[in-house]
Amino acid sequence: MAEPLLCDVAIVGAGIAGSALALALSGHGLSIVVIEAQPHDSAALPSGLALEDFDPRVVALNPRSQALLAQWGAWQGVADYRSCAYRHMTVWDADGTGAIDFDCSDVGATALGHIVENRALVRSLGSQLQTCADIRMLAPERLQACSRDVAGAVLLELESGRQLRAGLAVAADGANSRVRELLDFRTREWDYGHHAIVATVQVEHDHGATAWQRFLPTGPLAFLPLPGTDGAHYCSLVWSIDSAQVEGLMALAGPEFCSVLERAFEQRLGRVLDCSRRHCFPLRQRHALDYVQPGAALVADAAHTIHPLAGQGINLGLQDVAVLAEELLRARQRGEVPGSLAVLKRYQRRRKGENLTMMLAMEGFKRLFEQPALPLRWLRNAGMRGVDRARPLKQRLMQQAMGVVDRE
Ligand SMILES: Cc1cc2nc3c(=O)[nH]c(=O)nc-3n(C[C@H](O)[C@H](O)[C@H](O)COP(=O)(O)OP(=O)(O)OC[C@H]3O[C@@H](n4cnc5c(N)ncnc54)[C@H](O)[C@@H]3O)c2cc1C
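Every value quoted in this text rests on a predicted model; they were computed, and no experiment measured them.

Undergrad: How do you make sense of the overall build of the protein when you look at a structure like this?
TA: The number of helices and strands found in the protein is 11 helices and 20 strands. Taking the principal axes of its C-alpha atoms as reference, the protein extends roughly 65 × 45 × 40 Å. Buried residues in the protein amount to 44% of all 408 residues. Look at the contacts in the protein between residues 6 or more apart in sequence, and 74% of them connect residues 24 or more apart.

See the structure below:
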């Protein structure tokens with residue numbers, strides 16, 4: 001058996017979070033290995049603007065995440081490909097007259113955020129990784145086993161039989177994290193009772209650089225703006241809906257689905273002319289009780305998954321990455337080892353509170369909007385109208401969603 005490969009930090013998963021962490025740590029004298037199950041894909045991304053040219057998975061990145069990606073050298077690649085700035089956000093209640101309109105000019109900004117296709121972001125991060133001499137990429141390679149040796153280092157065994165010995169193993173392997181499972185991190189989790197249907201839709205009217213969201217009793221329905229042409233207007237659809245109804249919607253033929261969608265969205269952008277292939281994801285809230293153990297840390301979806309209704313998932317994940325990198329690099333300057341529990345606990349202390357607060361807020365929103373009782377409907381509509389008129393409160397909410405309020 002060959003000797004294990006030695007490294008300071010082994011990152012499992014080269015999705016958005018894992019790739020970003022490797023870049024954030026690069027250039028500081030650490031040896032970094034990234035393990036990714038998917039093969040490296042160098043095929044050019046589609047440059048056309050037709051329905052099937054868009055990645056159905058998108059994320060709404062707030063300005064704070066954009067700034068971090070720029071700092072790690074990965075924003076330019078996204079900007080050079082394509083993204084769509086959204087300057088307004090309109091949220092309204094299907095059961096009443098309550099609505100809130102947010103506009104970036106209210107907080108002196110040029111955009112509230114950008115809608116970015118997942119694969120464009122992963123590709124840009126991946127290209128940047130290849131320029132870093134201190135990062136070794138192992139792909140396709142799947143983590144199979146994980147344990148600790150007597151000296152406290154983490155031993156990682158890959159499906160190919162290759163072994164690694166790392167001072168710190170970071171789980172960036174997503175919601176169903178294998179690292180989390182193998183190292184016995186406990187989680188608190190429950191089903192939201194929702195699935196999300198995602199797709200790209202072509203609509204009749206220009207989206208006006210607006211992120212639209214209608215709260216239905218069965219779940220929120222979002223139309224997020226995508227780049228288009230003079231004659232063709234596209235949005236990314238994220239329809240969170242009671243799991244009981246999802247099968248029926250997925251089974252509809254394209255034209256029927258477009259008609260149902262059009263009605264559910266009150267034709268705010270006119271007719272829904274066409275829809276790409278639909279994909280469906282179960283939505284589960286999950287939060288690890290601890291993000292760290294000696295020699296191991298969880299980040300982003302491996303540590304927490306949250307309802308997509310406020311588009312905060314990877315925005316929180318990138319904050320995890322930034323804080324973990326900051327603590328590891330500070331520790332290195334002090335001569336502490338990356339896997340030290342004291343160092344890792346500083347990361348956990350700084351991140352758990354914000355993540356938990358956001359998860360509770362999303363759960364609260366979801367429950368509030370599914371209540372059919374008249375007094376509650378009246379209250380939430382009056383509340384929305386109140387927030388819409390209360391400029392300082394609205395500004396504060398916008399700044400929080402944009403990540404420009406310090407919440408540590
Ligand atoms: C419908 C929907 C809409 C969303 N919209 C938004 C939004 O608007 N804004 C937002 O901020 N967030 C949004 N999110 C959340 C966001 O998509 C996730 O937070 C983000 O993709 C998580 O990134 P990650 O890098 O942690 O995990 P992942 O993207 O899951 O990456 C994990 C990586 O690990 C690899 N991997 C897994 N297991 C192994 C293994 N054993 N060995 C090696 N490699 C492995 C995988 O191949 C993958 O590349 C949304 C989520 C959903 C479901």
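That covers the picture; the talk isn't over yet.
Undergrad: Can you help me understand the packing of helix 1 (residues 16–25) against helix 8 (residues 313–334) in this one?
TA: Two quantities define a packed helix pair, namely the angle between the helix axes and the distance between the axes. Two numbers describe how helix 1 lies on helix 8: the axes approach to 9 Å, and their chain directions differ by 30 degrees. Judged on the interaxial angle alone, helix 8 and helix 1 are roughly parallel. Note that helix 1 runs across helix 8; the crossing there is right-handed. Between helix 1, through Ile-16, Ala-17, Ala-20, Leu-21, Ala-24 and Leu-25, and helix 8, the contact on the second element is made entirely by Ile-314, Gly-317, Leu-318, Val-321, Ala-322, Leu-324, Ala-325 and Leu-328. Split by residue class, the contact of helix 1 with helix 8 holds 13 nonpolar, 1 polar and no charged.

Undergrad: Hey, could you run me through the site of the ligand in this one?
TA: Around the ligand lies a shell of 32 residues, among which Gly-13, Gly-15, Gly-174, Gly-311 and Gly-313 are the nearest. Here the element with the most residues in the shell around the ligand is helix 8; it accounts for 4 residues. When grouped by side-chain class, the residues that make up the shell around the ligand number 17 nonpolar, 10 polar and 5 charged.

Undergrad: Before we go on, may I ask you to explain the nonpolar core in this structure?
TA: A general feature of soluble globular proteins is that nonpolar side chains tend to end up buried together. Of all hydrophobic cores here, the largest spans 109 residues; its most connected members are Ala-10, Leu-21, Ala-169, Val-170, Ala-297, Val-299 and Val-321. For Val-170, the residues in contact, after removing those within four places along its chain, are Val-9, Ile-11, Val-12, Leu-21, Ala-297 and Val-299.

Undergrad: In this structure, what is going on with the environment of Arg-277? I would like to understand it.
TA: Here Arg-277 is to be found in the loop between strand 16 (272–275) and strand 17 (279–288). Judged by C-beta crowding, with 10 C-beta atoms within 10 Å, Arg-277 ranks as exposed. Sequence separation of Arg-277 and Val-58 is 219 residues, and the distance between their C-alpha atoms is 14 Å.

Undergrad: What exactly am I supposed to notice about the sheet that holds strand 3 (residues 58–61) here?
TA: Note: strands within a sheet are paired through backbone hydrogen bonds, in either parallel or antiparallel orientation. With respect to topology, 3 strands assemble into an open sheet ordered 3-7-4, the strand pairing being antiparallel. Of all strands in the sheet, those with a lone pairing partner are strand 3 and strand 4 (84–86), marking the two edges. Direction aside, neighbouring strands of the sheet carry axes that sit 25 degrees apart on average. Sheet analysis places strand 3 next to strand 7 (residues 113–117), joined by 4 bridges and oriented antiparallel. In the strand pairing of strand 7, Leu-61 is matched with His-114.

Undergrad: Would you take a moment to explain unusual backbone geometry for this structure?
TA: Excluding glycine, a negative phi dihedral is what most residues carry, and trans is how most peptide bonds are arranged. The step from Ala-139 to Pro-140 runs through a cis peptide bond, and the omega angle for that step is 0 degrees. In this structure, Pro-140 sits in the loop between strand 8 (135–138) and strand 9 (143–148). Its identity as a non-glycine residue notwithstanding, Asp-184 has a phi of 65 degrees, on the positive side. In this fold, Asp-184 is placed in the loop between helix 5 (178–182) and strand 12 (187–203). At Glu-266, a residue that is not glycine, the phi angle is positive and equals roughly 55 degrees. As for its placement among the helices and strands, Glu-266 is situated in the loop between helix 7 (254–264) and strand 16. Among the residues examined, Glu-266 registers 12 C-beta atoms within 10 Å and is labelled exposed.

Rules behind the numbers
Residues numbered from 1 in each chain as written. Predicted model: local features only at pLDDT ≥ 70, side-chain atom pairs only at ≥ 80, totals over all residues. Helix = DSSP H or I, 4+ residues; strand = E, 2+ residues; numbered from the N terminus. Buried ≥ 20, exposed ≤ 12 C-beta atoms within 10 Å, placed from the backbone. Contact = placed C-beta atoms within 7 Å. Axes fitted to C-alpha atoms, helices over the stretch in contact; angles between N-to-C directions. Parallel < 35°, antiparallel > 145°, perpendicular 65-115°, else oblique. Left-handed = near helix turned anticlockwise from the far one by under 90°. Nonpolar A, V, L, I, M, F, W, Y, C, P; charged D, E, K, R; others polar. Near = placed C-beta within 6 Å. Core = buried A, V, L, I, M, F, W, Y, C linked by C-beta atoms within 7 Å. Pairing = 2+ DSSP bridges.

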